[in-house]
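Chain and residue survey
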Amino acid sequence: MIRLPLVLFFSAVLFSAGVYGVLARRNAVLVLMSIELMLNAVNVNLIAFSQALHDLTGQAFALFVIAVAAAEVGIGLAIVILIYRNRETINIDEVNLLKW
Amino acid sequence: MSAQEYAFVVLALVGTVAAFRLVTARNVVHAALYLVVTLAMVGGVYLILAAEFVAWVQILIYVGAIVILFLFGLMLTKAPIGREALDNQQRGIALLVGLGVLAGLVFLIQNAFHWSDPKIQPIHVTTGALGESLFRQYVLPFEAVSFLLLAALIGAIVLSRKDERS
């Protein structure tokens, strides 16, 4: 027996920590880590509601979210390493090729 | 409060502290290690909620694979140490936005649910039942995800390969 709002508060805290990290960090790898934090918060919610409603849909979609997160990190880090190779920096405020 | 709730609160507190240390750490490798702690605590929360398979997938994929990927990414790029090198100038605004998101979410949650009303009574979900649901009802999303993984694999190879023409 766990109160549902308790789990939801935990997930809200994780999500806002992720939002802060994405906005405050300038190192691209740390930004990706904060994005993982937000995806995890979503997963916690999915599992909590799956168990509260006794429906397996939430757990199946948590697995999908984990798979998409893995793909995202793979591609993201490949891009980061490519940027580092070309520009010697991964500070996202210095990479402004597409900004006008 | 039940024993499950005590265990959950302990895990959630450790996970929260590690998450805050992750977004404020001054050393990138420490940040990656705090990420390990947070992900493991989230996995523990899944175990308490009796979502066994998802918990082990979380440990295997997140703690086992994704963190290793992050460490490789940190290893292959120069990782400076210090707050000014890792944070940008908008830290105050970011803090405001983060607190705003937190306040909004807490307001919505306590508006939508009574504090003690909906209780989770976790039922043990066997891996078999989850797999059956995955391959019966969600075959199409499953195939889409496997295609996405294939595309990501090819994309990562194409991106990180040295261009031989130039």
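For every chain, the first residue of the written sequence is number 1, and numbering continues from 1 along that sequence. Starting at A for chains and at 1 for ligands, labels are handed out in the order in which the entities are written. Given that the model is predicted, a residue must reach a pLDDT of at least 70 before its local features are reported, and side-chain atom pairs must reach 80 or more before they are shown or counted; all residues, however, enter totals for whole chains, interfaces and linings. Note that the side-chain values use all heavy atoms of the structure and ignore hydrogens as well as water.

Topic: the overall build of chain B
Only runs of H or I of at least four residues qualify as helices and only runs of E of at least two qualify as strands under DSSP, and these elements are numbered from the N terminus. A count of helical and extended segments in chain B gives seven helices and one strand. Element order for chain B, N to C, with α for helix and β for strand: α-α-α-α-α-β-α-α. Every radius of gyration here is taken over C-alpha atoms, with the globule rule written as 2.2 Å times N^0.38, N being the number of residues. Whereas a compact globule of 166 residues would reach a radius of gyration of roughly 15 Å, chain B reaches 20 Å, over 25% beyond that. Each principal axis of the C-alpha distribution contributes one length, and for chain B these read about 65 × 45 × 25 Å. Only the protein chains shown count as covering a residue, and every accessible area follows the Shrake-Rupley method with a 1.4 Å probe. Surface accessibility of chain B: about 9800 Å² in total, with carbon and sulfur atoms responsible for 70%. For chain B, the distance from the average site of its 10 positive side-chain charges to the average site of its 9 negative ones is 12 Å. The convention is simple: Lys and Arg are positive, Asp and Glu are negative, and His and the chain ends are not counted. For this purpose, a charge sits on NZ of Lys, CZ of Arg, CG of Asp or CD of Glu.

Observations concerning the interface of chain A and chain B
Should any heavy atoms of two residues lie within 4.5 Å, those residues are considered in contact. Each partner contributes residues to the interface: chain A has 69 residues there, and chain B has 88 residues. The term buried area means the drop in 1.4 Å probe accessible area that two parts suffer when joined, counted for both and summed. Carbon and sulfur atoms make up 76% of the area that chain A and chain B hide from each other, which totals about 7300 Å². For this document, the term salt bridge refers to a Lys or Arg side-chain nitrogen within 4 Å of an Asp or Glu carboxyl oxygen. On the surface where chain A and chain B come into contact, there are one salt bridge. Here Glu5 of chain B ties to Arg3 of chain A by a salt bridge, and the two come within 3.3 Å at their closest N and O atoms. For the purposes of these results, a polar contact is taken to be a pair of N or O atoms within 3.5 Å, where, inside protein, one atom must be able to donate a hydrogen and its partner to accept one; residues adjacent in sequence count only when each atom of the pair is a side-chain atom. The tally of links between chain A and chain B comes to eleven residue pairs in polar contact (both at pLDDT 80 or more).

Quick look at the domain arrangement of chain B
How far each domain reaches was decided by an automatic or database domain assignment. Assigned domains of chain B: these are domain 1 (3–122) and domain 2 (126–166). Computed over C-alpha atoms, the centres of domain 1 of chain B and domain 2 of chain B are 25 Å apart.

Describing a nonpolar patch on the surface
Residue and element names in this part refer to chain B. Patch membership requires more than 30% relative accessible area and the absence of a salt bridge. Residues of like charge join within 9 Å; the nonpolar side chains Val, Leu, Ile, Met, Phe, Trp and Tyr join within 5 Å. Taken together, the side chains of Phe147, Leu150, Leu153, Ile154, Ile157 and Val158 define a hydrophobic patch exposed on the protein surface, amounting to about 610 Å² of accessible area. Relative to the assigned elements, Phe147 resides in helix H7 (residues 139–160). Buried means the residue's accessible area, taken with a 1.4 Å probe over protein chains only, is under 20% of the maximum for its type, while exposed means over 50%, and partly exposed covers the values in between. For Phe147, a relative accessible area of 59% translates into the label exposed.

Quick look at the pattern of salt bridges
Residues and elements named next belong to chain A. The final tally for this structure, using the stated rule, is four salt bridges over all chains. Linking Arg26 and Asp93 is a salt bridge whose minimum nitrogen-to-oxygen distance equals 3.1 Å. Taken as a pair, Arg26 in the loop between helix H1 (4–24) and helix H2 (28–53) and Asp93 in the segment after helix H3 (57–87) lie far apart in primary sequence, 67 residues in all. You can call Asp93 partly exposed: its relative accessible area is 41%. One network of salt bridges, with partners in common, ties together Arg26, Asp93 and Glu94.

Some remarks on the nonpolar core
Among the buried residues, those of types Ala, Val, Leu, Ile, Met, Phe, Trp, Tyr and Cys that are joined through side-chain atoms within 4.5 Å form a nonpolar core. In terms of nonpolar packing, the biggest core is built from 69 residues, with Met33 of chain A together with Val54 and Phe70 of chain B touching the most fellow members. For this core, the element with the highest residue contribution is H3 of chain A, accounting for eleven residues. Both domains that meet at this core, namely domain 1 (3–122) and domain 2 (126–166) of chain B, each give it at least three residues. Apart from residues lying up to four places away in sequence, Met33 of chain A is in contact with Leu22, Val28, Ala31, Ala32, Leu35, Phe70 and Leu74 of chain B.

A short note on helix H6 (residues 127–136) of chain B
Residues and elements named next belong to chain B. If you check which residues of H6 are buried, you get Leu130, Ser133 and Leu134. The arc enclosing the buried residues of H6, seen along the axis, measures out at 100 degrees, which places them on a common side. Those residues of H6 that are exposed and angled more than 90 degrees off the buried face are Phe135 and Arg136. Starting at the helix axis, one direction is taken to each C-beta atom, and the arc is that of these directions.

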